[in-house]
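Residue strings, one per chain:
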Amino acid sequence: MPNDRILDRKVYFDDQSRNFPIRRQLGQPRPIKKRIWKPGLNVLDQGQEGQCVIFGWGAELAASPHRYDISDEWCRQHWPIVVAKDREMGNDYSDGASVLAGAKAMQMLGNVKSYYWGFGIDDVLQTLSRRGPVLLGINWYSSMYETDERGLVRAEGSLVGGHCILAHGVWPNHERAGGGGSD
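Residues numbered from 1 in each chain as written. Predicted model: local features only at pLDDT ≥ 70, side-chain atom pairs only at ≥ 80, totals over all residues. Heavy atoms only, no water.

Caption draft 1: View of the side chain of Ser17. Structurally, Ser17 is set in the segment before α1 (22–26). Side-chain polar atoms of Ser17 contact the side chain of Trp117, separated by 3.3 Å. When sequence neighbours within four positions are dropped, the list of residues in contact with Ser17 reads Leu100, Trp117 and Phe119. (Helix = DSSP H or I, 4+ residues; strand = E, 2+ residues; numbered from the N terminus. Polar contact = N/O pair within 3.5 Å; in protein donor to acceptor, adjacent residues only side chain to side chain. Contact = heavy atoms within 4.5 Å.)

Here it is in structure tokens:
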């Protein structure tokens, strides 16, 4: 099914980011416990344009524990800063941005003091369970434009680009995760 949405997350890793793993902040792994972080007060809508990185960061700042009042307009106003950060790193994308450029922009603006990287699903689950929401840069596949009857997407079909999304909760053993539905 053709889709005219623009997927703008660009894959970019730098060697320096590997020096800042979230697992160093988390310490020893613990059992994953249910944790749903409150999303922002406003539902952000990037529309059809490709600015998912700044909208992802906006959602991160709006969610607990931060709880900033973020709007679509705030995201659009700060988008050029994210693009400029990518260019400073030597990335001259015709559209889109890296999640790293978003992190550097948010730090420059004083919205975050620091940022750390997850290097696998265990890092993501531990962070969601213990620290807060997680901004994800992911591949986006053609099947992901539509949800199934349970509201879930499947990573199937052809790769159509990259996307930036916010995970704001973890619920082990939930029926939608294939578990038994108990906490």
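Caption draft 2: Geometry of helix α2 (residues 52–62). Burial within α2 is extensive, with 10 of its 11 residues counted as buried. The complete set of buried residues in α2 reads Cys52, Val53, Ile54, Phe55, Gly56, Trp57, Gly58, Glu60, Leu61 and Ala62. Those residues of α2 that are buried lie in contact with α3 (72–88), α4 (99–108), β2 (134–141) and β3 (159–167). (Buried < 20%, exposed > 50% of the residue type's maximum accessible area, 1.4 Å probe, protein only.)

Caption draft 3: Inspection of the packing of aromatic side chains at higher detail. This structure, assessed with the given rule, holds 2 aromatic pairs. Between Tyr115 and Trp117, the aromatic rings sit 5.9 Å apart at their centres with planes inclined by 80°, giving edge-to-face as the arrangement. Given the relative accessible area of 19%, Tyr115 is considered buried. For Trp117, a relative accessible area of 19% corresponds to the buried category. Seen in terms of ring centroids, Trp140 and Tyr145 are 6.4 Å apart; in terms of plane orientation they differ by 65°. Their pairing is edge-to-face. Residue class for Trp140 comes out buried when judged on its relative accessible area of 12%. The lysine or arginine in question, Lys34, covers the ring of Trp171, its NZ or CZ lying 3.8 Å from the ring centre. Here Arg35 stacks its cationic end above the ring of Trp37, 3.7 Å away from the centre of that ring. (Phe/Tyr/Trp six-rings, centres within 6.5 Å; stacked < 30°, edge-to-face > 60°. Lys NZ or Arg CZ within 6 Å of the ring centre and 35° of its normal.)

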